[in-house]
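Residue-level structural notes
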Amino acid sequence: MECKALGTVAAEALGDLQERLLGLCGVPGQEVYLQELVLRSSNPDRSELHLQHGSRKAGEPGWWTAAEYRIPLQGRAAADLPATVRSVVRTQCQGPDVPGFWRALGFSLAYQLGKQGTLFHVEHADHQLQVLLCQVRRLSGVWPASVVEGEELVPGFWLVEATTTAKDGAYTEAAAALGA
Amino acid sequence: MTAAGTDDLQRPADPAVARDLCSVTFSDQPHSLVLVTRSQRSVLEGDSELQQLLDKLRLYQLRATLQLEGLRYGIGDFSVSVARAIQKPLEEFRGIVLDVAYHPLDSLAAADPILQETAAVGANIRVAGAGMEGFGLPERYSLQHAAVQYVQLMVQLLGEGSKQ
């Protein structure tokens, strides 16, 4: 199960946040370029597939992951958690044309967006947290599109995305680690 | 290897969408899975979670499973695997499969003449169609190439079995 907490930070405060994260990690964050494509199948239930392409430099071959997310946990207990919790099946994949393969299986593009920023790996309370500070960009046209050519969705603000994996269903502790 | 099709699913037929899907696993690569659509000539290699992802998406229904069981021998620069092809779950025998690999070369095009010459040594050996064109695979031989070859083999074996 995956726990995720989202927030935003103004560009003026970004430097302070990066310093704090650097202090927690001990090493500088990694520059990343992410393209996220959300695909929907031609099935009646319109299954949704999330394809993500990541690279350390713009235009590099990079790596692909494909993921299927369930709806987030709901109810009062889930509402009290500092993070969203949901089941996810995620796999790394490779091939001559990864988006083309899923297109061949009947998936069409719902939308795509790009994220350009820095990824930090933080260890806290026995949990491995990933904290991504990024600008979100609107991508359009052919898919996948170039991240750097996308238009900033919210100029002046950066997305803060913190995720961790809950081991053996212990999502309460994992979500608490994110909240801390 | 498993083969699946969409004919039994309730959805409109789109000629641009693959109606066949094969998944190939190798005993010496337990954490890898390769998916092949012959009709769209597309290949995808993933880790062991890929099958679980496919099951969650419920795109296809399982049609057939072919299992190859046998032994591998090292003979100089060659390795030769000899296996029985068994269709599950009825345990139907489909034939004997030979897998010949020439290790000094990692390019299929470069090794093809040697392999064809080797196959010609044995009588009654039919070479499964290479059929790599259109898949967009690189020159260097990989697990994805092997998967495409085994899918061609499976189609040949299961197709012949259904005619009997």
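In the block above lies the structure referred to throughout.
In what follows, the accompanying structure is described. Predicted model only: the values in this text are computed from it and were never measured.

Before going further, it helps to examine the overall build of chain B. Within chain B, the secondary structure is distributed over three helices and seven strands. For chain B, the α and β elements follow one another from N to C terminus as β-β-β-β-α-β-β-β-α-α. Buried positions account for 41% of the 164 residues belonging to chain B. Long-range pairs, those at least 24 residues apart, make up 46% of the contacts in chain B between residues at least 6 apart in sequence.

So, about the overall build of chain A. Helices and strands together make up the secondary structure of chain A, namely four helices and 10 strands. Its helices and strands in sequence order give chain A the pattern β-α-β-β-β-α-β-β-α-β-β-β-β-α, from N to C terminus. Over its C-alpha atoms chain A spans a radius of gyration of 17 Å, differing by no more than 12% from the 16 Å that the globule rule assigns to 180 residues. C-alpha extents for chain A along the principal axes are approximately 45 × 35 × 25 Å. Buried residues in chain A amount to 45% of all 180 residues.

Moving on, we get to the pairing of strand 2 (residues 20-26) of chain B. Residue and element names in this part refer to chain B. Across the seven residues that make up strand 2, a large majority, six, are buried. Where strand 2 meets strand 3 (residues 29-37), four bridges bridge the pair, whose relative direction is antiparallel. Looking at strand 3, one finds that valine 24 is bridged to valine 34. With antiparallel pairing between neighbouring strands as the criterion, strand 2 and strand 3 make up a hairpin whose turn holds two residues.

About the cut-offs
- Residues numbered from 1 in each chain as written.
- Chains lettered and ligands numbered in written order.
- Predicted model: local features only at pLDDT ≥ 70, side-chain atom pairs only at ≥ 80, totals over all residues.
- Heavy atoms only, no water.
- Helix = DSSP H or I, 4+ residues; strand = E, 2+ residues; numbered from the N terminus.
- Buried < 20%, exposed > 50% of the residue type's maximum accessible area, 1.4 Å probe, protein only.
- Contact = heavy atoms within 4.5 Å.
- Rg over C-alpha atoms; globule rule 2.2 N^0.38 Å.
- Pairing = 2+ DSSP bridges.

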